[in-house]
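# Examining the three-dimensional arrangement
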Amino acid sequence: MQVSIDLFSLAGKVAVVTAAGRGIGRGIALGFARLGADLVLADINATTLAEVSSEIRQLGREPLTIAADLTRDGDVSGLIDQAVARYGRIDMMANVVGGIPMKDRGPAVELSEDSWDAVVELNLKTVFLCSRAAARTMIKQGTKGSIINLASISGINRNPRGSHYGAAKAAVIHLTKTLAHELGPSGIRVNAIAPGVIDTPLNRDARAFFKVDDEALARAIPLQRLGEVEDVAAVAIFLASEAAAYVTGQTIVVGGGLEFWGN
């Protein structure tokens, strides 16, 4: 394999992106579209999904959009079935669903069982269900594939007032390694991205909740700025492309050198 810019092309590939309506999911969807991928976009919010779909159409692509709750196995199966019905196959799966609703934040000793279950379900169960469904389809196709899971630096280091989120993201990293081992013989690569402080709507809410001084936070990051969704999207493009043909089971931290963020 000769190294060239063509290795990063996603032309002719079919990508499913979850949580595509805003934030990191939106950034990955737009990045994939710019590199030529055909897209299946899923989000629980039909309004934001329509907005990003309009942006992608302006790039000359015509995405399939599906409003779905990906904590439900039936919705996941429906998503994959519709993707295959539209395009005939799946080449890439970007599992971006996650986060912590503000109502579910708090010290571990104050967390309710419902909050624990909701956050773990949102951040871990969705990754498992979507990865399993995508992998089954890729194996049936008999083609190579790439699964990209969204982890977090909170899954690597401590996360005060978010123990359930950190635990779920740590499990995503572990699941990624295990799936990479199990699916490698089928030609399916599985990797994760662990973002640091990325300037998304959800992260802005968290910074406001913790009364974070953005300028002070930026100074604490070795690269001296908050991350942008495009920083994560660029790594997702690499992992989805043939440029990463020999990369699997890895978690790439996209955090500007920051190792921990929390309060």
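Description of the structure in this document. Not measured: the values here are computed from a predicted model.

## Examining the overall build of the chain
Each helix and strand in the chain was counted, giving eight helices and seven strands. A compact globule built from 263 residues would reach a C-alpha radius of gyration of about 18 Å, and the chain, at 18 Å, matches this within 12%. Principal-axis analysis of the C-alpha atoms gives the chain an extent of 45 × 40 × 35 Å. A burial count over the chain gives 51% of its 263 residues as buried. Expressed as a percentage of contacts within the chain between residues at least 6 apart in sequence, the contacts between residues at least 24 apart total 73%. Just so you have it, the chain exposes about 12,100 Å², and 53% of that area is on carbon and sulfur atoms.

## What about the nonpolar core?
Core analysis: the largest hydrophobic core is formed by 69 residues, its most contacted members being Val-17, Ile-28, Phe-32, Leu-41 and Ile-193. By residue number, the principal contributor to this core is helix 8 (residues 229-240), which donates eight residues. Setting aside anything within four residues of it in sequence, one finds Ile-28 in contact with Val-17, Ala-94, Val-96, Ala-233 and Ala-236. Counting six residues, the second largest nonpolar core, distinct from the first, contains Ile-153, Ile-221, Leu-226 and Leu-258.

## Structural notes on the pattern of salt bridges
Going through the model one piece at a time under the given rule, you end up with 12 salt bridges. Arg-207 is the partner of Asp-214 in a salt bridge, and the nearest nitrogen-oxygen pair spans 2.8 Å. Taking the relative accessible area as the measure of exposure, Arg-207 reaches 6% and is therefore buried. In this structure, a network of salt bridges that share partners links the residues Asp-199, Arg-204, Arg-207 and Asp-214.

## Notes on the environment of Val-52
With respect to the element layout, Val-52 can be found in helix 2 (residues 46-57). As a C-alpha pair, Val-52 and Ala-20 span 32 residues in sequence and 7.5 Å in three-dimensional space. If we ignore the near neighbours within four places in the chain, the residues touching Val-52 are Ala-20, Gly-21, Arg-26, Leu-30 and Leu-41.

## Here we look at helix 2
In this model, helix 2 (12 residues) spans 16 Å end to end at C-alpha, consistent with the 16 Å of a helix rising 1.5 Å per residue. Listed in full, the buried residues belonging to helix 2 are Thr-48, Leu-49, Val-52, Ser-53 and Ile-56. For helix 2, the buried positions fall inside an angular range of 140 degrees around the axis, keeping them on one side. Taken together, the buried residues of helix 2 touch helix 1 (23-34), strand 2 (38-43) and strand 3 (64-67).

## Comments concerning unusual backbone geometry
In this structure, Ala-19 is a non-glycine residue whose phi angle is positive, near 50 degrees. Residue placement: Ala-19 occurs in the loop between strand 1 (14-18) and helix 1. The exposure class assigned to Ala-19 is buried, which follows from its relative accessible area of 18%. One non-glycine residue with positive phi stands out, namely Gln-224, at about 65 degrees. Positionally, Gln-224 belongs in the loop between helix 7 (214-220) and helix 8. Here Gln-224 falls in the partly exposed class, since its relative accessible area comes to 48%.

## Describing the pairing of strand 4 (residues 92-95)
Going residue by residue along strand 4, you find Met-92 and Ala-94 tucked away on one face and Met-93 and Asn-95 tucked away on the opposite face as well. Across three bridges, strand 1 lies against strand 4 in parallel orientation. Paired with Val-16 across the bridge in strand 4 is Met-93. In this structure, strand 4 lies alongside strand 5 (residues 145-150), joined through four bridges in parallel fashion.

## Considering the sheet that holds strand 4
With respect to topology, seven strands assemble into an open sheet ordered 3-2-1-4-5-6-7, the strand pairing being parallel. The strands lining the two open edges of the sheet, one partner per strand, are strand 3 and strand 7 (251-254). Mean inter-strand twist for the sheet, computed between neighbouring axes without regard to direction, equals 15 degrees. Where strand 6 (residues 188-195) lies against strand 7, four bridges are found, and the strand directions are parallel. Looking at the pairing, Pro-195 lines up with Val-254 of strand 7.

Conventions used here
Within any chain, residue numbers begin from 1 and follow the written order of that chain's sequence. Per-residue local features of the predicted model are confined to residues with pLDDT of at least 70, and side-chain atom pairs are confined, for both listing and counting, to 80 or more; whole-chain, interface and lining totals are unaffected and use all residues. Hydrogens and water are ignored here; the side-chain numbers use all heavy atoms of the structure. Note on conventions: DSSP H or I runs of at least 4 residues are helices, E runs of at least 2 residues are strands, and numbering of each starts at the N terminus. Just to be clear, the radius of gyration here is over C-alpha atoms, and the globule rule we use is 2.2 Å times residues to the power 0.38. Buried, partly exposed and exposed residues are distinguished by accessible area as a fraction of the type maximum, computed with a 1.4 Å probe on protein chains only: under 20%, between the cut-offs, and over 50%, respectively. Any two residues whose heavy atoms approach within 4.5 Å are treated as being in contact. Methods summary: accessible areas were calculated by the Shrake-Rupley approach with a probe of 1.4 Å, and residue burial reflects only the protein chains presented. Take the buried residues of types Ala, Val, Leu, Ile, Met, Phe, Trp, Tyr and Cys, join any two whose side-chain atoms come within 4.5 Å, and each joined set is a nonpolar core. We define a salt bridge as a contact between a side-chain nitrogen of Lys or Arg and a carboxyl oxygen of Asp or Glu at a distance within 4 Å. A helix is expected to reach a length of 1.5 Å times the quantity of its residues less one. This arc is built from the directions going out from the helix axis to the C-beta atoms. Pairing between two strands requires that DSSP report at least two bridges joining them. The angle between two axes is taken between their N-to-C directions and runs from 0 to 180 degrees, where each axis is a line fitted to C-alpha atoms and a helix contributes only its stretch in contact.

The values are spatial; any link to function lies outside them.
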